[in-house]
Amino acid sequence: MPASLLHQIATFLLLLCFLRTSSAVLFSSLHQDLIVTASPRPGQVLYAGVDQIRVSWALNGSLPAGAGAAYAKVKISLCYAPVSQVDRRWRKTRDDLKKDKTCQFKITTTPYASVGGSYDYAVERSIPTATYFVRAYALDSSDVEVAYGQTTDAKKTTNLFHIIGISGRHASLDIAAACFSAFSVLALTFFLVAEKRKAKQ
């Protein structure tokens, strides 16, 4: 068999292997096997860099025994609600999880346990102002998403909460700027008064 043909066959087999290992995981193909809850009340306002969120998860008790046997880890993320995705392509929801931009903020990844688990998340200072929910993915031993659960309904309209991000200006900077402005005005006034007195003399 010619060497060129062998090379083509080898290339084709490698391509097939790559396509199989990099096949897309579609959100629509996943079962909602996890029950996920989070501490914020519906409509509650949290502040980045200040508040905490307690997230709890467990396997759906109505599933048959051994349903979570393939689960190795649980990945929990903070996700944008639809109201905060409007006209923002960089937050767009896609069925292909590799292209999905809904859940951009990792809360934690923890080993799977049949009894479930919980985690206390300090809202990071980098979290932008938006409306959110929490989603958890069950991962297999290859870190591939195989099931999920979330704190909201399928349309992502219930049990939502709000986070107010840090604007980039700190209160101490505003105070310092105000003090500097006041000092500048006083210094200018003093200078003008002194100049007038010199002129009269």
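For clarity, every value in this text was computed on a predicted model and none was experimentally measured.

Colleague: Explain the sheet that holds strand E6 (residues 117–122) to me, please; I cannot follow it from the model alone.
Modeller: The pairing of strands in a sheet happens through backbone hydrogen bonds and is either parallel or antiparallel. The three strands lie next to each other as E1-E3-E6, forming an open sheet whose pairing is antiparallel. Only two strands of the sheet have a single neighbouring strand rather than two, namely strand E1 (34–38) and E6. Geometrically, the sheet is characterised by an average inter-axis angle of 20° between neighbouring strands, direction not taken into account.

Colleague: What is the right way to read the pattern of salt bridges from this model?
Modeller: If the charged atoms of two oppositely charged side chains come close together, the side chains can form a pair. Taken as a whole, this structure holds three salt bridges when the rule is applied. Between Arg54 and Asp120 there is a salt bridge, with the nearest N and O atoms lying 2.8 Å from each other. With a gap of 66 residues between them, Arg54 in strand E3 (residues 52–59) and Asp120 in strand E6 connect regions that are remote in the sequence. Taking relative accessible area as the criterion, Arg54 reaches 41% and is therefore assigned partly exposed. A residue is classified by how much of its surface remains accessible, and Asp120, at 41% relative accessible area, is partly exposed. Lys73 is paired through a salt bridge with Asp143; the nearest N and O atoms lie 3.2 Å apart. Of this pair, Lys73 sits in strand E4 (residues 73–80) while Asp143 sits in the loop between strand E7 (130–139) and strand E8 (145–150), and the two are 70 residues apart along the sequence. Judged by relative accessible area, Asp143 falls into the partly exposed class, the value being 40%.

Colleague: Looking at this structure, I do not really get unusual backbone geometry. What am I missing?
Modeller: It is generally the case that most residues other than glycine have a negative phi and that most peptide bonds are trans. If you check the backbone angles, Asp143 has positive phi at about 65° while not being a glycine. Its identity as a non-glycine residue notwithstanding, Asn159 has a phi of 55°, on the positive side. Within the secondary structure, Asn159 sits in the loop between E8 and strand E9 (161–164). Relative accessible area serves as the criterion here: at 43%, Asn159 is assigned to the partly exposed category.

Colleague: Please explain the packing of aromatic side chains as it appears in this structure.
Modeller: To describe a pair of aromatic rings, one takes the distance between the centres and the angle between the planes. Taken as a whole, this structure holds seven aromatic pairs when the rule is applied. Between Phe27 and Tyr137 the ring centres are 6.5 Å apart and the planes differ by 90°, which places this aromatic pair in the edge-to-face class. Separated by 110 residues along the polypeptide, Phe27 in the loop between helix H1 (3–21) and E1 and Tyr137 in strand E7 bring together distant segments of the chain. Ring geometry for Tyr80 against Tyr132: centres 5.4 Å apart, planes inclined by 25°, an arrangement best described as stacked. Remark: Tyr132 occurs in strand E7 and Tyr80 occurs in strand E4; sequence separation between them is 52 residues. On the accessibility criterion, Tyr80 (3% relative accessible area) is buried. Site record: aromatic cluster; members linked through ring pairs are Phe27, Tyr137 and Tyr148.

Definitions and cut-offs
- Residues numbered from 1 in each chain as written.
- Predicted model: local features only at pLDDT ≥ 70, side-chain atom pairs only at ≥ 80, totals over all residues.
- Heavy atoms only, no water.
- Pairing = 2+ DSSP bridges.
- Helix = DSSP H or I, 4+ residues; strand = E, 2+ residues; numbered from the N terminus.
- Axes fitted to C-alpha atoms, helices over the stretch in contact; angles between N-to-C directions.
- Salt bridge = Lys/Arg side-chain N within 4 Å of Asp/Glu carboxyl O.
- Buried < 20%, exposed > 50% of the residue type's maximum accessible area, 1.4 Å probe, protein only.
- Phe/Tyr/Trp six-rings, centres within 6.5 Å; stacked < 30°, edge-to-face > 60°.

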